[in-house]
Amino acid sequence: MKASRYIRILSRAGLAIAALMLCGCDYALLNPKGAIGVQEKELIITALLLMLIVVIPVILMTIYFSFKYRAANTEEEYAPEWSHSTKIEVVVWTIPIIIIAVLATITWRSTHELEPSKPLVSDVKPMTIQVVSLDWQWLFIYPEQHIATTNHVVFPKDVPIEFKLTSDNIMNSFFIPSLGSQIYAMPGMVTRLHLIANHDGDFDGVAASYSGEGFSHMKFTATATADQASFDAWVNQVKSSPDQLPDLPAYKALAQPTIDAPVKYFSTVVPELFANVVTQYPGSMNASFDAACLVEDEG
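What you are looking at is a predicted structure, and each value in this text was computed from that prediction instead of being measured.

### Some details on the packing of aromatic side chains
Thinking step 1. In the structure shown here, the tally under the stated rule is 12 aromatic pairs.
Thinking step 2. Between Y142 and W234 the ring centres are 5.6 Å apart and the planes differ by 55°, which places this aromatic pair in the tilted class. Here the residue Y142 occupies a position in strand β2 (residues 138-142), and W234 occupies one in helix α4 (residues 228-239), the gap between them amounting to 92 residues.
Thinking step 3. With relative accessibility at 0%, the residue Y142 sits in the buried group.
Thinking step 4. Three or more aromatic residues link up through ring pairs in this structure, and these residues are W138, F140, F155, F163, F174 and F220.

Following this line, the structure appears as structure tokens:
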């Protein structure tokens, strides 16, 4: 049996195994529903293909040389005294250096283009949603609509969303894989994440940083409505909810550790709640910087 036949058999087996593993799976990162997610998908695929330029030849040559110089093949010469080839050294060093240089350039550009705090370019006015990481649930505050929800965030598709994030307790990570970038939520600080959904539907959201006993249940649903009218109808539905966050004691009760908490809608929210959560810790890093804009958001 020739080496080329072995290579064909292994290649087909590898493709068959990959197809079986991926069959029926819908990986959110590779099926993005927003502009940021699409750019990140292209970056992942580009980086993978560039790295495969080195990986695939190495794998194939390993298989080929292992077969060619096997103990049973006495026709091939084995020369253990051989130790150097300038041509081989040039190839094995030049190609990886070129690939690393290309990857570095792409990474540099994409890092600046996909900076989470960078506002998205759009003719549509962005909407602000404030996010608080609790133990172990997510609180979403809508400063313009004066409502709040837990474990369910809703926004219209094709509308840029500016998420402002903080944490009530320990650091966590906010991530909607179908839409793109994840970002940390930290106590006493405000981080920003700009996303947009270009398709309507429900998308899974997760806490991507371990934060204790209820971490695995700290999930939420992000819903992109088909249009502004559908979003407004949802806002009216929330405003009819009997649950409220009228004062800080009500918020403190909500912030108590809970596992697998249900979705809740709050028809009213105490003014400046997000600002108070951020500045509740002495020496809050972003307190002075963000105080004015936080109060403006609440107004």
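Now, onward.
### Digging into the pairing of strand β10 (residues 219-225)
Thinking step 1. Within β10, five of the seven residues are buried, which leaves it mostly tucked inside the rest of the structure.
Thinking step 2. Where strand β4 (residues 152-156) and β10 come together, five bridges link them in parallel fashion. Across the sheet, the residue bridging to V154 is T223, located in β10.
Thinking step 3. Where strand β9 (residues 201-207) and β10 come together, six bridges link them in antiparallel fashion. Bridging from a neighbouring strand, D202 pairs with T223 of β10.

### Points about the environment of D123
Thinking step 1. One can find D123 in the loop between α3 (86-113) and β1 (127-133).
Thinking step 2. By relative accessible area, which is 87% here, D123 ends up exposed.
Thinking step 3. In this structure the C-alpha to C-alpha distance between D123 and V159, which are 36 residues apart in sequence, comes to 9.2 Å.

### Topic: the sheet that holds strand β7 (residues 183-185)
Thinking step 1. Spatial strand order, β4-β10-β9-β6-β7: five strands in an open sheet with mixed pairing. Each of the sheet's edge strands pairs with one partner strand only, and the pair in question is β4 and β7. Going across the sheet, the axis of each strand differs from the next one's by a mean of 25°, ignoring polarity.
Thinking step 2. Relative to β9, strand β6 (residues 172-175) is paired through two bridges, and the arrangement is antiparallel. Each residue of the ladder has a partner; that of F175, found in β9, is V206.
Thinking step 3. α4 contacts β4 and β10 of the sheet and is inclined by roughly 145° relative to β4.

### Points about the confidence of the model for the protein
Thinking step 1. Taken over all residues, the pLDDT of the protein has a mean of 82, while the share at 70 or more is 84%.
Thinking step 2. Segment residues 286-292 is flagged for pLDDT under 50; beyond a separation of four residues in sequence, or across chains, it makes seven contacts in the model.

### Some thoughts on unusual backbone geometry
Thinking step 1. Note the cis peptide between D135 and W136, where omega equals -5°.
Thinking step 2. Its location among the elements puts W136 in the loop between β1 and β2.
Thinking step 3. Of note in this structure, N151 is not a glycine but carries a positive phi near 60°.
Thinking step 4. Among the secondary structure elements, N151 is positioned in the loop between β3 (147-150) and β4.

Cut-offs used in this document
In every chain, residue numbers begin from 1 and rise along the written sequence. Owing to the predicted nature of the model, reporting of local features is limited to residues with pLDDT of at least 70; listing and counting of side-chain atom pairs is limited to 80 or more, with chain, interface and lining totals taken over all residues. Values reported for side chains reflect all heavy atoms of the structure, with hydrogen atoms and water molecules removed beforehand. Pairing of aromatic rings covers Phe, Tyr and the six-membered ring of Trp, with a centre-to-centre limit of 6.5 Å; geometry is then stacked below 30 degrees between planes, edge-to-face above 60, and tilted otherwise. Each helix is a run of H or I in the DSSP string that is no shorter than four residues. Each strand is a run of E no shorter than two, and both are numbered from the N terminus. A simple rule labels every residue: compare its accessible area, found with a 1.4 Å probe on the protein chains alone, to the largest value its type can have, and call it buried under 20%, exposed over 50%, or partly exposed in between. Here, a strand pair is defined by DSSP locating no fewer than two bridges between the strands. Each axis is a line fitted through C-alpha atoms, taken for helices only over the stretch in contact, and angles between the N-to-C directions span 0 to 180 degrees. Contacts are assigned to residue pairs that have any heavy atoms within 4.5 Å of one another. By definition, pLDDT measures how confident the predictor is in each residue, and it falls between 0 and 100.

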